[in-house]
Amino acid sequence: MADSVTDRRWIVRVQGVHRYFKRGSERVDVLKDLTLNVPEGEFFGLMGPSGSGKTTLLNLIAGLDKPSEGQVWVGDDQISAMSEGQLARWRTRHIGFIFQFYHLMPVLTAFENVELPLLLLPLSARQRREQVMTALDLVGLSDRVRHRPGQLSGGQQQRVGIARAIVTDPTLIVADEPTGDLDSRSADEIMNLLEELLRSLHKTILLVTHDPRAALRAHRVLHLEKGKLVEQPEMLGAE
Amino acid sequence: MRFLVLIIKNIRRNLVRSALTSLGTIVLVFVVTLVWAILSFLDAAMAEKSQDFKGIVTERWRLPSQMPFAYAASLCAGAASQPGDVRPDDSMTWQFYGGTVDPDKRTRENSLFAIATDPSKLRTMMDELDSLPPDDAARLDEAIAKMQQNRQGIILGKDRLASLNKRVGERIKLYGINYRDIDLELEIVGSFPESRYDNTAVIHRDYLLASLDAYERQTGKPHPLADKTLNLVWLRVPDTETFGKVANQILTSPSYSSPAVKFETAASGIATFLEAYRDLIWGMRWLLAPAILITLSLVISNAISISVRERQTELAVLKVLGFRPWQILTLVLGEALLIGVGSGLCSALATFVTINYVLGGIKFPIAFFGAFYIPAEAILWGVSVGLVTAWIGSIVPAWSAQKVKVSEVFAKVA
């Protein structure tokens, strides 16, 4: 899929998406008729107040949730039509998720944490080891492979989280407030790292953040308010 | 196998909880193994055979069976009296003599219940004594030979020897308990090899009969039990057809009218004898064992449920990483099964070794069985009990783990 004007390939296409939840008899609309396109290789930022639907949108794009109405495409896959099992398999290969609170397994070493998604792929132990070491090298933690999360600083834990997100060479990296739990220095280091990955690996990154400094690193930033995109940037695609 | 490291590390996450769950499993598997060992032994004893089996002749209407010794010779011949009548392959008579070495202060330790029989039948008619290892067989044969030469000989099981604090070669005097005023001077001529006969005592029947005759000579009247001294007659038959014919010969013979006798298979005889323990055995089989299994499932269920509840976020992260629901189910079940199977195996192995080789059997006084041993297949029971109870106990928490909603979990985290 490419935009006829810019001839850029859309990696993410969100078309007329509604997402609502039922709370008893009440219907809560979180996303309302939302359309969004993200081109390949873009560092895309999403901002908005709490409860505006940022994480819901991120979950839809990452295949963790399904829209109530509308379609979500990532690459050539219409993920909104996939079953839970298909989505799980798809996520392994196509999505790298970076969490605000890192969410590393406390019982596993840095190496084992990064290796986790590779356990789901048909790779030999040697291939897994090579990929894990490459990922940890990229985030500058090749000397911490045997450390458990509790033995690492917040910034280092987030680096392990990033290594885990990129180790499968995913189509899309989704970061949900990756600097939200870090001090400003560590936050800068993480944002530098994401920019470096963007440059060296040519990945598409979706960043949800409250932090204006982090948002400044994005190529473009959209704002969500009450389930709607309130600022139409110049690169917003039109189908 | 790829998930094994993750499973093991999750078990090690809370070592105290895993250790306590494992310990609970070990204790419960231990108890259920003991219960099943006893039930399995009794089931085997009551299982009917069709080839080369034993039948038992007892008094028809009274327990304990007390028949005149005059019945012995013809019963041992299967009541064969006419040409064409069939005879059993082998036979053995049993007379029960209870005695104590200290009549003033009778205790369980200083008393014994001896089988008075023809010693030459010990190796051919008593279960397991016909298939002893060569060394044990030679020692027992030597003891039997001594008893045949010396009718005042007694062969004792090792536990009975220990409780009397006696050794082979020493002499004992038994003061009659059921045969009042029939006291026996005995020489311990040997011991049984380690087996189910550890608590058994065997004396020569001729000595008991001679003592009854001596009583009559001394007192001028027969002993009250003189005409009731034969308790059981064992007959070995080659097949069920022969059993039927011998049974017919015995039951139709006019020689056994007062008292009347019955002839049944050993299995049936044991089952009849165990009737008195029916409620106890029923309770062990249908109340105790199931209660243990249910408790074990609940112990495992409790531990796994707590573990799953604590790890909601981690399970959600696994889903985000691409773990499918069945893989998460496998991880949680795997933890429970590893604890259950590992603990079950350890417990069964420890039970097998401790009971059989350290304690010399379970001293559970039921019927005339002195001790029960843990069969080798109990190791498989331990594994199976661990496996099944762990599966039952963890399937619900594992199912709830695989149903974790990622968006809901992270909404709570945020």
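Residues numbered from 1 in each chain as written. Chains lettered and ligands numbered in written order. Predicted model: local features only at pLDDT ≥ 70, side-chain atom pairs only at ≥ 80, totals over all residues.

### Topic: the overall build of chain B
Worth spelling out the cut-off: A run of H or I in DSSP counts as a helix once it spans at least four residues, and a run of E counts as a strand once it spans at least two, with each numbered from the N terminus.
The secondary structure content of chain B amounts to 14 helices and nine strands. Dimensions of chain B, computed from C-alpha atoms along their principal axes, come out at roughly 105 × 50 × 40 Å.

### Overview of the interface of chain A and chain B
The condition that has to hold: Contact between two residues is assigned when their C-beta atoms, built from the backbone, lie within 7 Å. Classification convention: Asp, Glu, Lys, Arg as charged; Ala, Val, Leu, Ile, Met, Phe, Trp, Tyr, Cys, Pro as nonpolar; all other residues, Gly among them, as polar.
Counting residues at the interface gives 21 residues for chain A, matched by 21 residues for chain B. For the side of chain A that touches chain B, the secondary structure elements donating two or more residues are helix H1 (54-61) and helix H2 (84-94) of chain A. When residues in the side of chain A that touches chain B are grouped by element, the largest group, six residues, is from H2(A). Its residues assigned to classes, the side of chain A that touches chain B comprises 11 nonpolar, five polar and five charged.

### Focus on the packing of helix H2 (residues 15-46) of chain B against helix H12 (residues 325-358) of chain B
Pairs of packed helices are described in terms of their axes, by the angle between the two and the distance that separates them. All names here are of chain B. Test applied: Note on method: axes are straight lines fitted to C-alpha atoms, helices fitted across the in-contact stretch only, with angles between N-to-C directions ranging 0 to 180 degrees. Roughly parallel refers to an angle under 35 degrees, roughly antiparallel to one over 145, roughly perpendicular to one between 65 and 115, and oblique to any angle outside these ranges. With the far helix as reference, a near helix turned anticlockwise by less than a right angle produces a left-handed crossing, and one turned clockwise produces a right-handed crossing.
With their axes 8 Å apart at the nearest point, H2 and H12 run at an angle of 45 degrees to one another. The orientation of H2 relative to H12 falls into the category oblique. The element H2 and its partner H12 pack so that their crossing is right-handed. Mapping the contact onto sequence places Ser18, Thr21, Ser22, Thr25, Ile26, Val29, Phe30, Thr33 and Leu34 in H2 and Ile339, Gly340, Ser343, Gly344, Cys346, Ser347, Ala348 and Thr351 in H12. In terms of residue class, the contact of H2 with H12 is built from seven nonpolar, 10 polar and no charged.

### Let's talk about the pairing of strand E3 (residues 43-47) of chain A
All names here are of chain A. Going by this rule: Any residue whose C-beta has 12 or fewer other C-beta atoms within 10 Å is treated as exposed, any with 20 or more as buried, and any in between as partly exposed, C-beta atoms being built from the backbone. Two strands qualify as a pair provided DSSP detects at least 2 bridges between them.
Most of E3 sits inside the fold, with five of its five residues counted as buried. Burial along E3 is two-sided: the face carrying Phe43, Gly45 and Met47 and the face carrying Phe44 and Leu46 are both buried. In this structure, E3 lies alongside strand E8 (residues 204-208), joined through four bridges in parallel fashion. Considered in E8, the bridge of glycine 45 is made with leucine 207.

### As for helix H5 (residues 134-149) of chain B
Residues and elements named next belong to chain B. So the rule is basically this: A helix's residues, less one, multiplied by 1.5 Å, set its expected span. Throughout, the arc means that of the directions going from the helix axis to the C-beta atoms.
Across its 16 residues, H5 extends 23 Å between first and last C-alpha, which sits within 8% of the 22 Å expected from 1.5 Å per residue. What H5 keeps buried is the set Leu140, Ala143, Ile144 and Met147. Down the axis of H5, the buried side of the element spans an arc of 100 degrees, and every buried residue falls inside it. Those residues of H5 that are exposed and aimed more than 90 degrees away from the buried face are Pro134, Asp135, Ala138, Glu142 and Gln149. Residues of H5 that are buried sit in contact with helix H4 (122-125), strand E4 (153-156), strand E6 (184-191) and strand E7 (201-204).

### Considering the environment of B:Pro119
Take B:Pro119: it is sitting in the loop between strand E3 (111-117) and H4. Exposure remark for B:Pro119: the 21 C-beta atoms within 10 Å place this residue in the buried category.

### Points about the sheet that holds strand E1 (residues 10-23) of chain A
Residues and elements named next belong to chain A. Judged by pairing direction, the sheet is antiparallel, and its four strands sit side by side in the order E2-E1-E4-E5 without closing on themselves. Pairing within the sheet leaves two strands with one partner each, and these edge strands are strand E2 (26-39) and strand E5 (77-78). Sheet topology note: the E1/E2 ladder contains 10 bridges and is antiparallel. Its bridge partner being in E2, valine 12 is matched across the sheet by valine 38.

### Comments concerning the domain arrangement of chain B
All names here are of chain B. As a reminder, the rule being used: Where each domain begins and ends is defined by an automated method or by a domain database.
On domain assignment, one finds that chain B holds domain 1 (4-45 + 278-413) and domain 2 (62-259). One C-alpha centre belongs to domain 1, the other to domain 2; they are set 46 Å apart. In this complex, domain 1 contributes four residues to the contact, which on the side of domain 2 involves six residues. Its residues assigned to classes, the side of domain 1 that touches domain 2 shows one nonpolar, three polar and no charged.

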